[in-house]
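# A look at the structure
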Amino acid sequence: MLKYNTLVVLAGVSLLGASAGMVGSFAVLRKRALTGDALSHAALPGLCLAFLFMRERNVPAMLLGALASGVAGIMIISALRRWTRVREDAAIGSVLTVFFGAGIALLAAIQKMEGLGSKAGLDSYIFGKTAGMTRADVYLILLAGVFGLVAVAILYKEFLSISFDIDFARSLGWPVYLLDLLLMSLVALAVVIGLPAVGVVLISALLIMPGAAARFWTDRLSTLLVLSGVFGFGVGLVGTWLSATLDQLPAGPIIVLSGTALFVVSMLLGSQRGIVARWIDQRRFETTLGLRQLLKIAWEREEAAGRPVALATGDLVSRKTWSEARANQLLSSAQSAGFVRPIASDISSFELTPSGRDEALAATRGQRLWEAFLAEYPEQAGSTANLASLSIEDYVPPAVVEQLTAQLRAANRWPSRRGRESLPPGDNP
Amino acid sequence: MMERFPSAKTPDPLKPRAPAARPWQALSLVAYLAVGLGLGLVALRWQVEGTLRPEQSLLWADFTSPLWTIAIGVLTNVACALLGCYLVLRRMSLLGDAISHAVLPGLAIAFLLTGELSGWPMFLGAMAIGVLTSVLTQAIAKLGKVSEDTSMGVVFTSLFALGVVLIMAFAKRAHIDAECILFGNIDWASTDWPPPPYWPVPRSVWPLGFSLLLTLVYVTLFWKELKIVSFDPALAAAMGLSVPFIHYSLMAMVAGISVTSFDAVGSILVVAMLVVPGATAALVTDRLSWMLAWAATFGIVSAVFGYVLAAALGTSVAGMMAVVAGAQLTGAVILGPHYGLASRWLRNLSLAVRIASEDVIARLYREEERGAGSGFGVQGSGGRSRESGVGTMVEWLAEFRLRNNHWVAADAGGQQRLTDAGRTAARNLVRAHRLWETYLDTHFDLPRDHLHDAAERMEHFLDPELQAELDAELAGVATDPHGKAIPRKEE
């Protein structure tokens, strides 16, 4: 049975993971993953100053201080980038370390103070201490999470635009800078709330990893947000449970390592951008193209001979740079697609089926139209040509297609079924 | 002939000119270093004096510990600052950040294997992890098609977490304290002395001195390669230099230096010493050699003042070093010689003042030309910025400039009139204006009423040389497109 304390910690860390994951996915999309890192470091001096000012461990005041100095750090970074010659990476690096250095100095000073240092418990902000989480902390996390959720729900369209196409957002006249700052403030809120649990260095992992992992599974922002929330929740849950089970190990790093595992698995298996999914897509695409080539070869052999001709592996290898294995593989996929069938007399040769002949006609037409188009309008190649598509009609205006067709007819290169048996090449009307 | 203008030898007057390497670079660097060290030592003396018992004299005071602490700080900071310049130039500051976090597991593994936290195994292990971080970051960005910063964030937080877990799980019995690695303990490092038969030098000076030496050798040996790769990687590749070799060797060096610096400043604040001095130096100079020198100087001053301030406030030396480095960066952002906000503001102000005062004399000249004459005021010259309060200051300064140059003087009736000197200056200005209008009219298809505004801006930037070129180009045209005479040049 789980103890009450463990339950509180589990709930708290999971909720934290969910809210950090959700707002953090915006940071990932905005290519600001490391800004979250800067934020968490920059929050430290504010935290310490608030403690010094209040002279006691007053959580709301300390969180407010942390939030203020975190946002100040972000604003300094963007000011440095806009108005000085300091580039973004150096600006982030400098603000991060200088703020953190100031925080460490304050922390050391506080720890030496009579009667103050011991009750500060500020240490936990560096490495994090999940074990100390109370019910009040969980409510606070929940509150901050709901706040972030509501803000994202209200400003969904705006955040969507600045995440994917900031120039578009600017052209609509939206206050892009303010929206950006608001988004970063939401990130800052999640960071500040999460600091005591996982610590300065590792909170940025909670921000980045769920969003980055979810990105492998979807291309839609709404799905991405839900998924990164779920991932964050799961990472928090599993990490906390693991560290509670393994006893010896600190929760923060274990949570991060669970996130790493999730990221790696998603990178491999993600349905949308995962390595395996992309590899399968790639192979499928190659097979489609290969089949089209095969059918075209079959068609052209018939065209040259003026009658149906058998097709063997050797014929394919001599026309293309395919290896024998590749040619055989393509033939068998063509067979299973019903485009070709083995000839009864010679088991290693194939002939086109009626449906295969239709397909071959379409493939040859498509290919020749594309070739004619590219020969005629080479300057359009970059913008319109998509050789992966069979039909040119989707990309080129009908008038141009007609013109190209006429051109091919005139050159006697327009593939058609007519006159196959009777007419020798050259006599086409 | 269009290609005669703008002529190659005339720099674009609207663009700020980059500061050239001037002799005062050396002078100001030495002065900055001297003032920094001097002030630091005075403060140190004062501090030590405070700890003396009444019967002790300053002569007997023990400076050893503070001086060694500062020395360790200097060794660390200089090595970091030199390498950091290249990170900043290559826009890879954050990779430095990532590497200094990521070496933690390398450290833990090296410790588990060899049982000690120093020497070659640690240094080499760190270098390997540094290269690994960089390789992993690029591999994940490429394989997973994610942005570089995301993959960097994933890689270094994971490695860091792994390091913390390794240390906590396996190295408990040993003297390897995660907090010490993170924040360093420079006071302890400076008081950890070897037993007597050795040289009277704290232990940690040796590895730090060695890594500084290694850095110096590395930078000197690969000076040209590093320079070209930093400023123009494409050129470097075209010249047959191995960009990956330079990249990975730099990463390895950064990792090695981070690890040896842990004693002094800890893994997180190493990044401050890597990034901040380099970023500061980039604001001060445009030449690589001077940038390195300045970065080292900023590092030294950070070490000295970081220690002094930390001792005065009773706080962490490493933290204060970062704070001092940040203060220097702030100083450079505001006061930097050419790119600083203050000098940019001053430059704009002096330009505004010059234009405002020139506009006044040009107007007086035109009025004289028409035979009318009225008093003067600078009103209308700074109209655009009037509401910000800058306008009035520009007016005031412009009036000052007019009097100071003796361009205007009051006549018997109290009216302000052009003096001879003022008239000469004004004639040149009006000449520039009308030459430019004529030039635009001959060479560009612009409507007549568009000529004036362009010339009104350009007149302030046409020096006598350009005017002579324009004059030759226009082959002695006597009047501008509006039919007004172009004043002749006055010697």
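Residues numbered from 1 in each chain as written. Chains lettered and ligands numbered in written order. Predicted model: local features only at pLDDT ≥ 70, side-chain atom pairs only at ≥ 80, totals over all residues. Heavy atoms only, no water.

## Observations regarding the overall build of chain A
We count it as follows: In this text, helices come from DSSP runs of H or I with a minimum length of four residues, and strands from runs of E with a minimum of two, each type numbered from the N-terminal end. Our radius of gyration is a C-alpha quantity, and the globule rule it is checked against amounts to 2.2 Å times the number of residues to the power 0.38. Think of it in three bands: residues with accessible area under 20% of the maximum for their type are buried, residues over 50% are exposed, and the middle band is partly exposed, with areas taken using a 1.4 Å probe on protein chains only. By definition in these notes, contact holds between two residues if any of their heavy atoms fall within 4.5 Å. When charges are tallied, Lys and Arg are placed among the positive residues and Asp and Glu among the negative ones, while His and the ends of the chain are skipped. By convention, the charge on Lys lies at NZ, on Arg at CZ, on Asp at CG and on Glu at CD.
Scanning chain A for helices and strands turns up 19 helices and three strands. Compactness check: chain A gives a C-alpha radius of gyration of 32 Å against a globular reference of 22 Å for 429 residues, more than 25% above the reference. With the principal axes as the frame, chain A shows a C-alpha extent of 105 × 55 × 35 Å. Residues counted as buried form 51% of the 429 residues belonging to chain A. Put simply, 65% of the contacts in chain A that link residues at least 6 apart link residues at least 24 apart. Each charge class in chain A can be summarised by its mean position, and for the 38 positive and 32 negative side chains these summaries are 5 Å apart.

## Topic: the pattern of salt bridges
Residues and elements named next belong to chain A. The following threshold applies: Only one rule defines a salt bridge in this text: a Lys or Arg side-chain nitrogen within 4 Å of an Asp or Glu carboxyl oxygen.
As enumerated under the stated definition, the model contains 17 salt bridges over all chains in all. Of the charged contacts, one joins Glu88 and Arg81 as a salt bridge, the two residues approaching to 3.0 Å between their closest N and O atoms. Residue classification places Glu88 among the partly exposed positions, given a relative accessible area of 32%. Judged by its relative accessible area of 33%, Arg81 falls in the partly exposed class. In this structure, the salt-bridge partner of Arg283 is Glu286, at a minimum N-O distance of 3.7 Å.

## Comments concerning the environment of Gly144(B)
In this structure, Gly144(B) sits in the loop between helix H4 (119–143) and helix H5 (148–170). For Gly144(B), a relative accessible area of 1% puts it in the buried group. Every residue in contact with Gly144(B), bar those within four places of it in the chain, is listed here: Phe216(A), Met267(A), Arg278(A) and Ala139(B).

## Digging into the nonpolar core
The cut-off we apply is this: Here, the term nonpolar core denotes a set of buried Ala, Val, Leu, Ile, Met, Phe, Trp, Tyr and Cys residues that are joined through side-chain atoms within 4.5 Å.
Leu44(A), Phe159(A), Leu206(A), Leu83(B), Val103(B) and Leu274(B) are the most contacted members of the largest nonpolar core, which totals 193 residues. If we skip the residues at most four places from it in the chain, Leu206(A) touches Leu16(A), Gly17(A), Ala20(A), Gly21(A), Val198(A), Val235(A) and Ile255(A). By size, the runner-up hydrophobic cluster in this structure holds 19 residues, among which are Trp299(A), Leu311(A), Trp322(A) and Leu352(A).

## Things to note about the interface of chain A and chain B
What counts here: Buried area is a sum: the accessible area each of two parts loses on coming together, probed at 1.4 Å, counted once for each and added.
Contact residues are listed per partner, giving 54 residues for chain A and 59 residues for chain B. In this assembly, chain A packs against chain B so that about 4,500 Å² is buried in total across both faces, 73% of it on carbon and sulfur atoms. Among the residues of chain A in contact with chain B, Leu34(A), Arg85(A) and Phe127(A) are the three that bury the most area, contributing 15% of the side total. In this assembly, chain A and chain B are joined by one salt bridge. In this structure, the salt-bridge partner of Asp286(B) is Arg85(A), at a minimum N-O distance of 2.6 Å. Of all elements in the fold, only helix H2 (33–54), helix H3 (59–83), helix H4 (88–112), helix H6 (124–127), helix H11 (200–214), helix H13 (251–269) and helix H14 (275–305) of chain A reach the threshold of two or more residues within the side of chain A that touches chain B.

## Considerations on the sheet that holds strand S3 (residues 349–352) of chain A
All names here are of chain A. Convention followed: We call two strands paired when DSSP finds no fewer than two bridges between them. In this description, a line fitted to the C-alpha atoms serves as the axis of each element, helices being fitted only across the stretch in contact, and the angle between N-to-C directions of two axes falls anywhere from 0 to 180 degrees.
Read across the open sheet, the three strands follow the order S1-S3-S2; overall the sheet is antiparallel. At either margin of the open sheet sits one strand with a lone partner, and together these are strand S1 (311–312) and strand S2 (340–342). Bridge count between S2 and S3: three bridges; the pairing is antiparallel. When the bridges of S3 are listed, Pro342 appears paired with Phe350. Running at roughly 105 degrees to S2, helix H16 (residues 324–336) makes contact with S1, S2 and S3 of the sheet.

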